[in-house]
Amino acid sequence: MPQPVFRFAPSPNGYLHLGHALSALENLDRARATGGRLLLRIEDIDTARCRPEFEAAIYEDLAWLGLAWEEPVRRQSEHLDDYRRMLDRLTRAGLVYPSFESRGEILRLIAEREAQAPWPRDPDGTPLYPGSAKFLPADERARRMARDPYALRLDSNAAATRAGPLVWRETGARDGEVRATPEAWGDVVLARKDTPTSYHLSVVVDDALQGITHVVRGQDLFAATSVHRLLQAVIGLRAPIYHHHRLVLDRDRHKLAKSTGATALRTLRGRGATPADIRRMVGLS
């Protein structure tokens, strides 16, 4: 059996909170228990929100918690060519197409369809793409790509047909084999004209290139694994074992989030909390 390889992959768009601590410690504990390796990845493709001071705080907070990771740290912003290559592979296979609607135009199309019947939404509650861009003639696509902003979308029907039925091995939220349902997500965005990747594409590529054997992350990403399995299948990448752990919830039973002002680890540390206190606060012994 190959040595297990785990990873913790935060985004430097805010300070880490207890939810991040649980995920980081779950990865640390599982790596130690299996004699595995622990890698750190910085998911910083969102250049508008990611900031150097948040990245520096990630290293500080994780070291304080007791994590040690292998160097060098993989920063997504330094590997954009890796994502371009995989995107080109999908494009050559006929599995990607550009869409040109603005967010306002997409909302209008959804409203028109919902006037007739409820429009489907993905597992996160976002309406599926309602446009018909994948049917544009090739010459019109090329002309508009040279002139207009666009999003590159996965043709999910074509990809699913090529991949066939998919499953993944889960040891967390559901123990056993889970059937992937990528059709629930519609034609997801893989890149944009000014950004050569997306979360879905980059996480799949990174996990493969880093040799990740075990993906341990929050239950909020359980459904998205269907998209990741589809991308792995059509690109030709090995699927890791997945473990989706419970979430840390606030008093209103909502997931902790940077955007809603969840208390940062550095704040708790400043109030006198110890790493052992953090373990207890997230329900780990």
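Residues numbered from 1 in each chain as written. Predicted model: local features only at pLDDT ≥ 70, side-chain atom pairs only at ≥ 80, totals over all residues. Heavy atoms only, no water.

Enquirer: I keep staring at the overall build of the protein and nothing clicks. Help me out?
Expert: In terms of regular secondary structure, the protein is built from 10 helices and 10 strands. Here the C-alpha atoms of the protein give a radius of gyration of 20 Å, agreeing with the 19 Å that 2.2 N^0.38 yields for 285 residues. Here the C-alpha coordinates of the protein stretch approximately 60 × 40 × 35 Å along the principal axes. Sorting the 285 residues of the protein into buried and exposed places 47% on the buried side. Of the contacts made within the protein by residues no fewer than 6 positions apart, 78% connect residues no fewer than 24 positions apart. Approximately 14500 Å² of the protein is accessible, and the part contributed by carbon and sulfur atoms is 50%. Considering the protein, the positive charge centre built from 42 side chains and the negative charge centre built from 37 side chains are found 1 Å apart. (Helix = DSSP H or I, 4+ residues; strand = E, 2+ residues; numbered from the N terminus. Rg over C-alpha atoms; globule rule 2.2 N^0.38 Å. Buried < 20%, exposed > 50% of the residue type's maximum accessible area, 1.4 Å probe, protein only. Contact = heavy atoms within 4.5 Å. Areas by Shrake-Rupley, 256 points an atom, 1.4 Å probe, with all protein chains shown as cover. Lys, Arg positive; Asp, Glu negative; His and termini not counted. Charge placed at Lys NZ, Arg CZ, Asp CG, Glu CD.)

Enquirer: Teacher, can you tell me more about the sheet that holds strand 5 (residues 151-154) here?
Expert: Strands pair in a sheet through their backbones, by hydrogen bonds, and they do so in one of two ways: parallel or antiparallel. Strand order in the open sheet formed by three strands is 4-5-8, with antiparallel pairing between adjacent strands. On the outer flanks of this sheet lie strand 4 (96-99) and strand 8 (189-192), each paired with one strand and no other. On average, adjacent strands in this sheet sit at an angle of 30° to one another, irrespective of strand direction. Note: strand 5 against strand 8, three bridges, orientation antiparallel. Pairing of Leu152 across the sheet is with Ala191, part of strand 8. (Pairing = 2+ DSSP bridges. Axes fitted to C-alpha atoms, helices over the stretch in contact; angles between N-to-C directions.)

Enquirer: Quick question: what am I supposed to make of the environment of His79 here?
Expert: Locating His79 in the fold gives a position in the loop between strand 3 (74-75) and helix 3 (80-92). Judged by relative accessible area, His79 falls into the partly exposed class, the value being 25%. It is 9.2 Å that separates the C-alpha atoms of His79 and Asp206, two residues lying 127 residues apart in sequence. A polar contact of 3.4 Å, which involves the side chain of His79, links it to the side chain of Arg74. (Polar contact = N/O pair within 3.5 Å; in protein donor to acceptor, adjacent residues only side chain to side chain.)

Function-wise, these values are silent; they only describe arrangement.
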